[in-house]
Amino acid sequence: MAKAAAKTAATASSSAERRPALAGRSTSATGVKVEVLPPAERMSLRAPEASLAALSKALGVTLPKAPKTSASKAGRTALWLGPDEWLVIDEAGKDPLADCAGVSALHSSVGVSHRNIAISVAGPAAEAAINSGCPQDLSLVAFPVGAGSRTILGKVEIVLLRTAEDAFRVECWRSFSDYVFTFLSEGARDAAG
Amino acid sequence: MLLIRCPYCEEERPELEFRNAGEAHIARSANMAGESDDDFEKFFFIRSNPKGIIYERWRHMHGCARFFNAVRDTVTDKFVMTYKAGEPKPSKLPKNSNEVVAK
(Lines give C-alpha, C1' and ligand atoms only; values in the text may rest on other atoms or scores of the structure.)
Protein backbone atom coordinates (compact mmCIF):
# COMPACT_ATOMS: atom_id res chain seq x y z
CA MET A 1 0.00 0.00 0.00
CA ALA A 2 2.70 2.44 1.06
CA LYS A 3 4.59 1.72 -2.13
CA ALA A 4 1.54 2.42 -4.26
CA ALA A 5 0.84 5.68 -2.45
CA ALA A 6 4.42 6.87 -2.92
CA LYS A 7 4.25 6.08 -6.60
CA THR A 8 1.02 8.05 -7.01
CA ALA A 9 2.53 11.05 -5.19
CA ALA A 10 5.60 10.99 -7.43
CA THR A 11 3.48 10.86 -10.54
CA ALA A 12 1.36 13.75 -9.31
CA SER A 13 4.31 16.02 -8.57
CA SER A 14 6.00 15.36 -11.90
CA SER A 15 2.94 16.55 -13.75
CA ALA A 16 1.70 19.33 -11.48
CA GLU A 17 -0.84 20.90 -13.71
CA ARG A 18 -3.98 22.70 -12.60
CA ARG A 19 -7.10 21.43 -14.26
CA PRO A 20 -9.97 23.80 -13.51
CA ALA A 21 -13.32 22.03 -13.38
CA LEU A 22 -15.38 22.41 -16.55
CA ALA A 23 -12.84 24.88 -17.99
CA GLY A 24 -14.15 26.74 -21.00
CA ARG A 25 -17.57 25.10 -21.07
CA SER A 26 -20.45 27.23 -22.22
CA THR A 27 -23.92 26.87 -23.60
CA SER A 28 -26.31 29.31 -25.21
CA ALA A 29 -30.05 29.50 -25.51
CA THR A 30 -32.25 32.28 -26.82
CA GLY A 31 -31.73 35.24 -24.48
CA VAL A 32 -29.25 33.64 -22.09
CA LYS A 33 -25.67 32.39 -22.11
CA VAL A 34 -24.26 30.10 -19.43
CA GLU A 35 -20.48 30.13 -19.31
CA VAL A 36 -17.79 28.86 -16.95
CA LEU A 37 -15.62 31.78 -15.83
CA PRO A 38 -11.81 31.67 -15.57
CA PRO A 39 -10.23 30.79 -12.20
CA ALA A 40 -10.05 33.53 -9.56
CA GLU A 41 -8.51 34.08 -6.15
CA ARG A 42 -11.03 33.58 -3.36
CA MET A 43 -10.97 33.97 0.37
CA SER A 44 -13.42 33.10 3.11
CA LEU A 45 -13.20 35.81 5.77
CA ARG A 46 -14.63 35.76 9.30
CA ALA A 47 -14.10 38.79 11.50
CA PRO A 48 -15.77 40.74 14.31
CA GLU A 49 -17.03 44.29 13.83
CA ALA A 50 -13.93 45.77 15.49
CA SER A 51 -11.57 44.34 12.85
CA LEU A 52 -13.47 45.54 9.79
CA ALA A 53 -11.78 48.90 9.35
CA ALA A 54 -8.28 47.39 9.37
CA LEU A 55 -9.28 44.53 7.03
CA SER A 56 -11.07 46.87 4.61
CA LYS A 57 -7.95 49.03 4.44
CA ALA A 58 -5.69 46.04 3.79
CA LEU A 59 -8.00 44.58 1.13
CA GLY A 60 -8.59 47.90 -0.61
CA VAL A 61 -12.34 47.31 -0.62
CA THR A 62 -14.79 48.33 2.10
CA LEU A 63 -16.36 45.21 3.59
CA PRO A 64 -20.14 45.66 3.35
CA LYS A 65 -22.13 45.55 6.59
CA ALA A 66 -25.65 45.33 5.20
CA PRO A 67 -27.27 41.96 4.43
CA LYS A 68 -27.35 40.81 0.80
CA THR A 69 -24.88 43.43 -0.43
CA SER A 70 -21.41 43.46 -1.95
CA ALA A 71 -18.66 45.96 -2.58
CA SER A 72 -16.36 45.97 -5.56
CA LYS A 73 -13.15 47.76 -6.45
CA ALA A 74 -10.42 47.09 -9.01
CA GLY A 75 -11.42 43.53 -9.82
CA ARG A 76 -11.95 42.57 -6.20
CA THR A 77 -15.43 41.90 -4.79
CA ALA A 78 -16.42 41.38 -1.16
CA LEU A 79 -19.78 39.70 -0.57
CA TRP A 80 -21.65 39.86 2.73
CA LEU A 81 -22.58 36.26 3.56
CA GLY A 82 -23.43 36.61 7.24
CA PRO A 83 -23.07 39.09 10.13
CA ASP A 84 -19.38 38.17 10.52
CA GLU A 85 -18.67 36.36 7.27
CA TRP A 86 -17.55 37.53 3.83
CA LEU A 87 -16.46 35.95 0.56
CA VAL A 88 -13.74 37.91 -1.20
CA ILE A 89 -13.25 37.20 -4.91
CA ASP A 90 -10.31 38.66 -6.79
CA GLU A 91 -10.38 38.43 -10.58
CA ALA A 92 -7.30 40.60 -11.09
CA GLY A 93 -4.92 37.86 -9.96
CA LYS A 94 -3.91 39.43 -6.64
CA ASP A 95 -4.16 37.17 -3.61
CA PRO A 96 -6.41 38.66 -0.89
CA LEU A 97 -4.85 36.21 1.61
CA ALA A 98 -1.50 37.96 1.25
CA ASP A 99 -3.13 41.33 1.87
CA CYS A 100 -4.77 40.07 5.08
CA ALA A 101 -1.60 38.41 6.35
CA GLY A 102 -0.25 41.67 7.76
CA VAL A 103 -3.42 42.60 9.63
CA SER A 104 -3.01 42.11 13.38
CA ALA A 105 -6.71 42.67 14.19
CA LEU A 106 -8.59 39.45 15.02
CA HIS A 107 -9.80 37.65 11.92
CA SER A 108 -9.80 34.30 10.16
CA SER A 109 -8.95 34.26 6.47
CA VAL A 110 -8.98 30.98 4.59
CA GLY A 111 -8.05 30.55 0.95
CA VAL A 112 -10.83 28.84 -0.99
CA SER A 113 -9.70 29.72 -4.54
CA HIS A 114 -9.89 26.15 -5.80
CA ARG A 115 -12.89 25.11 -3.72
CA ASN A 116 -15.25 27.15 -5.87
CA ILE A 117 -15.83 27.62 -9.53
CA ALA A 118 -17.78 30.48 -11.04
CA ILE A 119 -20.41 30.34 -13.75
CA SER A 120 -21.70 33.41 -15.54
CA VAL A 121 -25.37 33.52 -16.50
CA ALA A 122 -26.05 36.48 -18.73
CA GLY A 123 -28.79 37.75 -21.01
CA PRO A 124 -32.38 38.99 -20.76
CA ALA A 125 -33.53 35.54 -19.60
CA ALA A 126 -30.78 35.08 -16.98
CA GLU A 127 -33.14 35.79 -14.10
CA ALA A 128 -35.60 33.14 -15.29
CA ALA A 129 -32.82 30.63 -15.88
CA ILE A 130 -31.55 30.93 -12.29
CA ASN A 131 -35.06 30.99 -10.87
CA SER A 132 -35.59 27.55 -12.40
CA GLY A 133 -33.79 26.22 -9.33
CA CYS A 134 -33.33 29.15 -6.96
CA PRO A 135 -36.33 30.12 -4.81
CA GLN A 136 -35.21 33.69 -4.05
CA ASP A 137 -36.94 36.74 -5.47
CA LEU A 138 -34.52 37.93 -8.17
CA SER A 139 -36.50 40.92 -9.42
CA LEU A 140 -34.44 44.12 -9.63
CA VAL A 141 -36.37 45.57 -6.69
CA ALA A 142 -35.53 42.69 -4.34
CA PHE A 143 -32.15 41.73 -5.80
CA PRO A 144 -30.56 44.85 -7.37
CA VAL A 145 -27.24 45.05 -9.20
CA GLY A 146 -24.49 44.35 -6.66
CA ALA A 147 -26.72 42.22 -4.45
CA GLY A 148 -25.08 38.99 -3.33
CA SER A 149 -26.31 36.12 -1.23
CA ARG A 150 -25.69 32.54 -0.30
CA THR A 151 -28.70 30.53 -1.36
CA ILE A 152 -29.59 27.25 -3.06
CA LEU A 153 -29.95 26.05 -6.61
CA GLY A 154 -31.79 22.78 -6.91
CA LYS A 155 -30.13 20.58 -4.33
CA VAL A 156 -26.89 22.47 -3.78
CA GLU A 157 -25.70 25.62 -2.10
CA ILE A 158 -24.51 28.47 -4.30
CA VAL A 159 -23.37 32.04 -3.81
CA LEU A 160 -25.21 34.34 -6.17
CA LEU A 161 -24.02 37.81 -7.22
CA ARG A 162 -25.83 40.13 -9.58
CA THR A 163 -23.14 41.80 -11.68
CA ALA A 164 -25.47 43.68 -14.04
CA GLU A 165 -29.19 44.03 -14.62
CA ASP A 166 -29.14 40.96 -16.83
CA ALA A 167 -26.03 39.15 -15.58
CA PHE A 168 -25.27 36.95 -12.60
CA ARG A 169 -22.20 35.21 -11.21
CA VAL A 170 -22.96 31.82 -9.68
CA GLU A 171 -20.30 30.40 -7.35
CA CYS A 172 -20.48 26.76 -6.35
CA TRP A 173 -18.21 24.13 -4.89
CA ARG A 174 -16.21 22.47 -7.65
CA SER A 175 -17.44 18.96 -6.85
CA PHE A 176 -20.98 20.24 -7.50
CA SER A 177 -20.00 22.16 -10.63
CA ASP A 178 -21.17 19.56 -13.13
CA TYR A 179 -24.60 19.44 -11.50
CA VAL A 180 -24.86 23.24 -11.31
CA PHE A 181 -23.74 23.78 -14.91
CA THR A 182 -26.16 21.17 -16.23
CA PHE A 183 -28.98 22.55 -14.08
CA LEU A 184 -28.35 26.09 -15.36
CA SER A 185 -28.13 24.89 -18.96
CA GLU A 186 -31.49 23.17 -18.64
CA GLY A 187 -32.87 26.25 -16.87
CA ALA A 188 -31.62 28.41 -19.73
CA ARG A 189 -33.34 26.21 -22.28
CA ASP A 190 -36.60 26.37 -20.32
CA ALA A 191 -36.31 30.14 -19.91
CA ALA A 192 -35.73 30.57 -23.64
CA GLY A 193 -38.62 28.32 -24.59
CA MET B 1 -43.62 28.00 -0.36
CA LEU B 2 -43.35 29.19 3.20
CA LEU B 3 -41.50 32.47 3.67
CA ILE B 4 -39.50 32.82 6.88
CA ARG B 5 -38.13 36.13 8.11
CA CYS B 6 -34.46 35.86 9.06
CA PRO B 7 -33.68 38.44 11.77
CA TYR B 8 -30.06 38.67 10.57
CA CYS B 9 -30.80 39.03 6.84
CA GLU B 10 -33.70 41.33 7.79
CA GLU B 11 -36.02 39.94 5.16
CA GLU B 12 -38.27 37.04 4.32
CA ARG B 13 -36.55 34.15 2.59
CA PRO B 14 -37.85 30.91 1.11
CA GLU B 15 -38.13 27.98 3.53
CA LEU B 16 -35.70 25.87 1.45
CA GLU B 17 -32.84 27.95 2.86
CA PHE B 18 -33.74 27.07 6.45
CA ARG B 19 -33.40 24.12 8.78
CA ASN B 20 -35.28 23.46 11.98
CA ALA B 21 -33.12 22.96 15.06
CA GLY B 22 -35.56 21.85 17.75
CA GLU B 23 -37.21 23.60 20.65
CA ALA B 24 -35.80 26.92 21.88
CA HIS B 25 -35.14 28.25 25.38
CA ILE B 26 -34.01 24.96 26.88
CA ALA B 27 -31.47 26.01 29.49
CA ARG B 28 -28.47 23.77 29.95
CA SER B 29 -27.53 23.24 33.59
CA ALA B 30 -24.32 24.90 34.71
CA ASN B 31 -23.56 21.81 36.75
CA MET B 32 -24.45 18.98 34.40
CA ALA B 33 -22.66 16.30 36.42
CA GLY B 34 -24.70 17.21 39.51
CA GLU B 35 -28.05 16.81 37.76
CA SER B 36 -30.30 14.03 38.99
CA ASP B 37 -31.29 11.41 36.43
CA ASP B 38 -34.84 12.75 36.38
CA ASP B 39 -33.74 16.32 35.76
CA PHE B 40 -31.33 15.22 33.06
CA GLU B 41 -34.04 13.22 31.36
CA LYS B 42 -36.28 16.31 31.35
CA PHE B 43 -33.50 18.46 29.91
CA PHE B 44 -32.37 15.94 27.34
CA PHE B 45 -35.46 14.13 26.13
CA ILE B 46 -38.68 15.79 27.23
CA ARG B 47 -40.04 18.40 24.85
CA SER B 48 -43.25 20.40 25.18
CA ASN B 49 -44.73 19.39 21.79
CA PRO B 50 -47.70 21.77 22.11
CA LYS B 51 -50.72 22.11 19.88
CA GLY B 52 -50.53 25.78 18.99
CA ILE B 53 -47.72 28.24 19.70
CA ILE B 54 -44.23 26.75 19.88
CA TYR B 55 -40.84 28.45 20.36
CA GLU B 56 -38.23 26.90 18.11
CA ARG B 57 -34.63 27.31 17.04
CA TRP B 58 -34.12 27.61 13.31
CA ARG B 59 -30.98 27.97 11.27
CA HIS B 60 -30.62 29.98 8.08
CA MET B 61 -28.49 27.14 6.80
CA HIS B 62 -28.15 28.21 3.14
CA GLY B 63 -28.12 31.95 3.81
CA CYS B 64 -26.30 33.75 6.60
CA ALA B 65 -25.91 30.41 8.44
CA ARG B 66 -27.05 31.97 11.74
CA PHE B 67 -29.23 30.27 14.36
CA PHE B 68 -32.25 32.28 15.48
CA ASN B 69 -35.52 31.71 17.29
CA ALA B 70 -38.97 31.57 15.80
CA VAL B 71 -42.50 31.48 17.18
CA ARG B 72 -44.64 29.15 15.11
CA ASP B 73 -48.18 27.85 15.31
CA THR B 74 -48.08 24.07 14.99
CA VAL B 75 -51.71 23.94 13.84
CA THR B 76 -51.58 26.48 11.01
CA ASP B 77 -47.81 26.23 10.39
CA LYS B 78 -47.77 30.03 10.37
CA PHE B 79 -44.70 31.86 11.68
CA VAL B 80 -45.84 34.45 14.21
CA MET B 81 -42.47 36.15 14.62
CA THR B 82 -38.73 35.52 14.60
CA TYR B 83 -36.00 37.02 16.79
CA LYS B 84 -32.25 36.75 17.18
CA ALA B 85 -30.59 33.97 19.15
CA GLY B 86 -29.87 34.95 22.74
CA GLU B 87 -32.80 37.34 22.96
CA PRO B 88 -35.35 36.59 25.70
CA LYS B 89 -38.59 34.79 24.98
CA PRO B 90 -41.04 37.50 23.87
CA SER B 91 -43.53 38.26 26.62
CA LYS B 92 -46.17 39.47 24.18
CA LEU B 93 -46.84 38.14 20.70
CA PRO B 94 -47.98 40.39 17.87
CA LYS B 95 -51.54 39.90 16.66
CA ASN B 96 -50.47 39.20 13.12
CA SER B 97 -47.19 38.75 11.32
CA ASN B 98 -47.52 42.06 9.43
CA GLU B 99 -46.69 43.90 12.63
CA VAL B 100 -43.44 42.00 12.86
CA VAL B 101 -42.47 42.90 9.32
CA ALA B 102 -43.23 46.56 10.03
CA LYS B 103 -41.01 46.46 13.13
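Criteria and cut-off values
- Residues numbered from 1 in each chain as written.
- Chains lettered and ligands numbered in written order.
- Predicted model: local features only at pLDDT ≥ 70, side-chain atom pairs only at ≥ 80, totals over all residues.
- Helix = DSSP H or I, 4+ residues; strand = E, 2+ residues; numbered from the N terminus.
- Buried ≥ 20, exposed ≤ 12 C-beta atoms within 10 Å, placed from the backbone.
- Contact = placed C-beta atoms within 7 Å.
- Pairing = 2+ DSSP bridges.
- Axes fitted to C-alpha atoms, helices over the stretch in contact; angles between N-to-C directions.
- Nonpolar A, V, L, I, M, F, W, Y, C, P; charged D, E, K, R; others polar.
- Expected span 1.5 Å × (residues − 1).
- Domains from an automatic or database assignment.
- Core = buried A, V, L, I, M, F, W, Y, C linked by C-beta atoms within 7 Å.

**Student:** Pulling in residues and values, what's your account of the overall build of chain B?
**Tutor:** Regarding its fold elements, chain B presents 2 helices and 6 strands. Secondary structure elements of chain B, listed N to C terminal, follow the sequence β-β-β-α-β-β-β-α. For chain B, the spread of C-alpha atoms along the three principal axes comes to 45 × 25 × 25 Å. Looking at chain B as a whole, 17% of its 103 residues qualify as buried. Sequence separation of 24 or more characterises 47% of the internal contacts of chain B that already satisfy a separation of 6 or more.

**Student:** Got a sec to walk through the sheet that holds strand 11 (residues 167-173) of chain A? Specific residues and values, please.
**Tutor:** Residue and element names in this part refer to chain A. As summarised here, the arrangement of the 6 strands in space is 1-2-8-11-10-9, forming an open sheet in which the pairing is antiparallel. The sheet is open, and its two borders are formed by strand 1 (26-29) and strand 9 (148-153), each paired with just one other strand. Averaged over all pairs of adjacent strands, the angle between strand axes in this sheet comes to 25°, irrespective of strand direction. The pairing of strand 2 (residues 32-36) with strand 8 (residues 116-122) spans 4 bridges and is antiparallel. Bridge pairing in strand 8 links Val34 to Val121.

**Student:** Account for the interface of chain B and chain A, naming residues and giving values.
**Tutor:** Each partner contributes residues to the interface: chain B has 13 residues there, and chain A has 12 residues. Partitioned by chemical class, the residues of the side of chain B that touches chain A number 7 nonpolar, 2 polar and 4 charged.

**Student:** Residue-level account of helix 5 (residues 177-192) of chain A, with values.
**Tutor:** Its 16 residues place the ends of helix 5 of chain A 22 Å apart at the C-alpha level, agreeing with the 22 Å of an ideal helix rising 1.5 Å per residue. Those residues of helix 5 of chain A that sit buried are A:Ser177, A:Val180, A:Phe181, A:Phe183, A:Leu184, A:Ser185, A:Gly187, A:Ala188 and A:Ala191.

**Student:** With reference to specific residues and values, describe the domain arrangement of chain A.
**Tutor:** Residues and elements named next belong to chain A. Domain boundaries in chain A define domain 1 (23-39 + 115-193) and domain 2 (40-113). Just the C-alpha atoms count here: the centres of domain 1 and domain 2 sit 23 Å apart. Opposite the 11 residues of domain 1 that make contact, domain 2 presents 11 residues. Looking at the side of domain 1 that touches domain 2, the elements that each hand over two or more residues are strand 8, strand 9 and strand 10 (156-164). Sort the elements by how many residues they give to the side of domain 1 that touches domain 2 and strand 9 lands first, with 3 residues. For the side of domain 1 that touches domain 2, the per-class residue count stands at 5 nonpolar, 4 polar and 2 charged.

**Student:** Can you lay out the sheet that holds strand 6 (residues 79-84) of chain B for me, pointing to particular residues and giving the numbers?
**Tutor:** Strand pairing in a sheet is mediated by backbone hydrogen bonds. Such pairs are either parallel or antiparallel. All names here are of chain B. Spatially, 4 strands are ordered 3-4-5-6 in an open sheet, and the strand pairing comes out antiparallel. At either margin of the open sheet sits one strand with a lone partner, and together these are strand 3 (19-23) and strand 6. On average, adjacent strands in this sheet sit at an angle of 30° to one another, irrespective of strand direction. With 5 bridges connecting them, strand 5 (residues 67-73) and strand 6 associate as antiparallel partners. Looking at strand 6, one finds that Arg72 is bridged to Phe79.

**Student:** Can you tell me about the nonpolar core, naming the residues and giving the values?
**Tutor:** Residues and elements named next belong to chain A. Grouped together as the largest cluster of nonpolar side chains are 55 residues, with contacts concentrated most on Ile119, Val121, Ala129, Val170, Val180 and Leu184. A total of 6 residues in this core trace back to one element, the largest contributor, which is helix 5. Here this core gathers at least three residues from each of two domains, domain 1 (23-39 + 115-193) and domain 2 (40-113). Filtering out sequence-adjacent residues up to four positions away, Val121 remains in contact with Val32, Val34, Ala126, Ala129, Ile130, Phe168, Val170 and Leu184.

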